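Spelled out from the first residue to the last, the chains are:
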Amino acid sequence: MASSSYIDPLSTLLSSHPLHVPLLTQLSPLLSDPSTPSPPTIFIHTTSTPSPPHSLFSTLLFAIPHAALLSPRIAHTPPLFYAHALRALVGHAPRWDDGLRDVDGAGEREGFLEGVRGLRGKGRGVIVVWDAERLRDLGGTGVGVREGGVLVVLLRLAELTGADISVVLISSQPYSFIRPPLGLAADPFFITLPPPSKEAALSHLTLTPPPSVPSHLTRAYASHAQYLHSAFYSLCSDPSELAYLAHRTWGDFIRPWEEGESAEAEPTPTQLQSLSTTFSRAHVPRLLALHTRSLPPSSSTTLPPASPSAMPLTQRILLIASYLASYNPARRDLALLSRASEQRAKRKGGGVRKGGTAASASKKTKPPQRLLGPKLFALERLLAIYSAILSLADVRTARVHPNTGAEGTGADPLDVEMGRAGVLQSVTHLTHLRLLHRVSPAERLDGLQYRCAVSRDVAGALAKEVKFALHEVLWED
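Structure report, in brief. Quick caveat: nothing in here was measured; it's all calculated off a predicted structure. (Residues numbered from 1 in each chain as written. Predicted model: local features only at pLDDT ≥ 70, side-chain atom pairs only at ≥ 80, totals over all residues. Heavy atoms only, no water.)

1. Description of the overall build of the protein
The following threshold applies: Each helix corresponds to a stretch of at least 4 residues labelled H or I by DSSP, and each strand to a stretch of at least 2 residues labelled E; elements are numbered beginning at the N terminus. Each residue gets one of three labels from its accessible area relative to the maximum for its type: buried under 20%, exposed over 50%, partly exposed in between, using a 1.4 Å probe on protein chains only. When checking whether two residues touch, look at their non-hydrogen atoms; a contact exists if any pair is within 4.5 Å. The Shrake-Rupley method, run with a 1.4 Å probe sphere, supplies the accessible areas, and residue values consider only the shown protein chains as cover.
The number of helices and strands found in the protein is 18 helices and eight strands. Burial analysis of the protein (477 residues in total) assigns 45% to the buried set. A separation threshold of at least 6 residues defines the contact pool for the protein, and within that pool the share at least 24 residues apart is 74%. Within the structure as shown, the protein displays about 24000 Å² of accessible surface, and the carbon and sulfur contribution to it stands at 55%.

2. Thoughts on the pattern of salt bridges
Stated formally: Should a side-chain nitrogen of Lys or Arg be within 4 Å of a carboxyl oxygen of Asp or Glu, the pair is scored as a salt bridge.
Taken as a whole, this structure holds seven salt bridges when the rule is applied. Here arginine 156 ties to glutamate 159 by a salt bridge, and the two come within 3.0 Å at their closest N and O atoms. Look at arginine 156 and you get partly exposed, because its relative accessible area is 28%. What makes glutamate 159 exposed here is its relative accessible area of 55%. Between aspartate 187 and arginine 179 there is a salt bridge, and its shortest N-O distance comes to 3.3 Å. The class of aspartate 187 is partly exposed, set by a relative accessible area of 43%.

3. Looking at the packing of aromatic side chains
Basically, it comes down to this: Classification of ring pairs uses Phe, Tyr and Trp, with its six-membered ring standing for Trp, and accepts pairs whose centres are within 6.5 Å; under 30 degrees between planes counts as stacked, over 60 as edge-to-face, and the remaining range as tilted.
Across all of its chains, the model carries nine aromatic pairs by this definition. Between the aromatic rings of phenylalanine 43 and phenylalanine 190, the centroid separation amounts to 6.2 Å while the plane-to-plane angle is 70°, which identifies the pairing as edge-to-face. Taken as a pair, phenylalanine 43 in strand 1 (residues 41–46) and phenylalanine 190 in strand 5 (residues 189–193) lie far apart in primary sequence, 147 residues in all. Look at phenylalanine 190 and you get partly exposed, because its relative accessible area is 39%. Counting every residue linked through ring pairs, the aromatic cluster contains Tyr221, Trp250, Phe253 and Phe279.

Coordinates in, geometry out; function isn't part of it.
Structure follows, in structure tokens:
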């Protein structure tokens, strides 16, 4: 009887989530069946497949007595993360009539571990963490790395507590990006999702219509999605982009039918073919030109603007530093580094030493740099500006990154070196994403030069997130 209770939810998930059939076939035997031992940690790498939604795990884990679904985007500090995880595992929700009483030890690492130990003998527990790459920002590789952060606690949770609990980490970046240094935890069980097949992408399109599609036009939307899939799949196989394209163009596709006399009726196959022909003549050439970059992105709003705000904290600060290095003259760096030194002296308890102001502005004889485009800069200059921004940005940011440990925070020198290695790895990752352009030849190992590839709007948005006043250090502002 127990085995039959797992068949119906799994079959429902397989039909409603065609993109994640490979994940479900591997994950369901590991987590859903209590008679099967589960790995203590599972790492799911989503390469070109959209991240599995919360509803998938809510249905998959319906029989698990203790389950927690979390994301570091919401629980963005260690106390918040521990508190949210422990409340979900024990099924506790603070109530007004109970004086908002919380679980004992919620918000503390030791309290979280003690709460998980209390689950021994009470059934299996599962913790699912989306955006696992952001766990780096919760102390996983920060100051005091030998003591470990949230990431190390999760990777060794079953070992530290002795409970039957599994931790599932979901990330779009490889595990090497978040692996704790110095062998603080064993590697998890890896699941790499393959690119979705053509049939799975088409099923995903037809099963995810926009909310504005009425019931009598569901078949019309399926026809529209199938047409776009056949026209654009060879150019773009990402199901998320295809779904976005189908949602944004649905209004243009169905407008001739809605303006007709029989708008409340369901179109016949012949009428759907006529709608597809009208739509292709009016819009497909423009969409193809936009996809092949024959038109500037500002001339159409079909594709969403790229935003690196979902990246880890280190990469966001590196992008800000690259923008300053490309658009500020090198002599401006001295003022930025001096402000950072004064800020560090103020945090140590001393007064702020007020120096002289910058030299009087000279008469400009050339166009502003923002009109000339980004300049080249050396890797050493990028790292120097990055360290200065750490001191001038939010205090919580400075505590997370070990590079500030060399300035008197008492961090171990080995921790500082591991942090520098993580920064260099982030530079390489940004280069692969084409957010930084490496200008120096590939065979050159020293004197590396880069160029910024983000706009002023993106740099300003990232600076606002880390509480850094970008306009105060830009030379032309």
